[in-house]
Amino acid sequence: MMTDVLVFKTNVFNKNSVESLKPFLDELLVNLKWNFDLEDCDKILRVESERSISRKIVRLLKEKGFSCIELKS
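Keep in mind that this is a model prediction, so the values were computed, not measured.

(A) Expanded view of the overall build of the chain. If you tally the helices and strands in the chain, you get two helices and four strands. Secondary structure of the chain in N-to-C order comes out as β-α-β-β-α-β. For the chain, the C-alpha radius of gyration of 11 Å lies close to 11 Å, the compact-globule estimate for 73 residues. Structurally, the chain occupies a C-alpha span of about 35 × 25 × 20 Å along its principal axes.

Laid out in structure tokens, this is it:
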């Protein structure tokens, strides 16, 4: 199976925000690799996934008070 890299533009601005999201992302993205690029102007979240879970990721971040928009490749 091919692994897709899903890319999201967020407003997660610092490591404390990432740490607050970590337990929720780990629960949603079991056994998947994910990371934030806080140096990027779009505060990119990348998720390696074999299935499309984009809507769940966007919903989770919005529930936690962050903006999250999937960037289409």
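Read on for the rest.
(B) Summary view of unusual backbone geometry. Positive phi is not limited to glycine here, since Asn31 has a value of about 60°. Looking at where Asn31 falls in the secondary structure, it is placed in the loop between helix H1 (15-28) and strand E2 (34-37).

(C) Main features of the pairing of E2. Taking every second residue as pointing to the same face, the buried face of E2 carries Trp34 and Phe36, while none of Asn35 and Asp37 on the other face is buried. Where E2 folds back onto strand E3 (residues 44-49) in an antiparallel hairpin, the turn is made up of six residues, including Lys43, whose phi is positive at roughly 45°.

(D) Seen up close, the environment of Glu27. Mapped onto the elements of the fold, Glu27 is located in helix H1. Through-space distance from the C-alpha of Glu27 to that of Ile44 is 20 Å; in sequence the pair is 17 residues apart.

(E) Structural detail: the side chain of Ser54. Looking at where Ser54 falls in the secondary structure, it is placed in helix H2 (residues 54-63). One polar contact links Ser54 to Glu70, side chain to side chain, over a distance of 2.9 Å. Apart from the residues lying within four places of it in its own chain, the contact partners of Ser54 are Leu6, Phe8 and Glu70.

(F) Representation of the nonpolar core within the structure. Formed by 19 residues in total, the largest nonpolar core has its most connected members in Phe36, Ile57 and Leu61. Those elements that place two or more of their residues in this core are strand E1 (4-10), H1, E2, E3 and H2. When residues in this core are grouped by element, the largest group, four residues, is from H2.

(G) Expanded view of the pattern of salt bridges. In total, this model carries three salt bridges according to the counting rule given. Note that Asp42 and Lys9 form a salt bridge whose closest N and O atoms lie 3.7 Å from each other. Here Lys9 lies in strand E1 and Asp42 lies in the loop between E2 and E3, a separation of 33 residues in the sequence. You can call Lys9 partly exposed: its relative accessible area is 36%. For the salt bridge of Lys22 with Asp26, the shortest nitrogen-to-oxygen distance reads 2.6 Å. Of the two residues, Lys22 and Asp26 both sit in helix H1, four residues apart, roughly one turn of that helix.

Cut-offs applied
Residues numbered from 1 in each chain as written. Predicted model: local features only at pLDDT ≥ 70, side-chain atom pairs only at ≥ 80, totals over all residues. Heavy atoms only, no water. Helix = DSSP H or I, 4+ residues; strand = E, 2+ residues; numbered from the N terminus. Rg over C-alpha atoms; globule rule 2.2 N^0.38 Å. Buried < 20%, exposed > 50% of the residue type's maximum accessible area, 1.4 Å probe, protein only. Pairing = 2+ DSSP bridges. Polar contact = N/O pair within 3.5 Å; in protein donor to acceptor, adjacent residues only side chain to side chain. Contact = heavy atoms within 4.5 Å. Core = buried A, V, L, I, M, F, W, Y, C linked by side-chain atoms within 4.5 Å. Salt bridge = Lys/Arg side-chain N within 4 Å of Asp/Glu carboxyl O.

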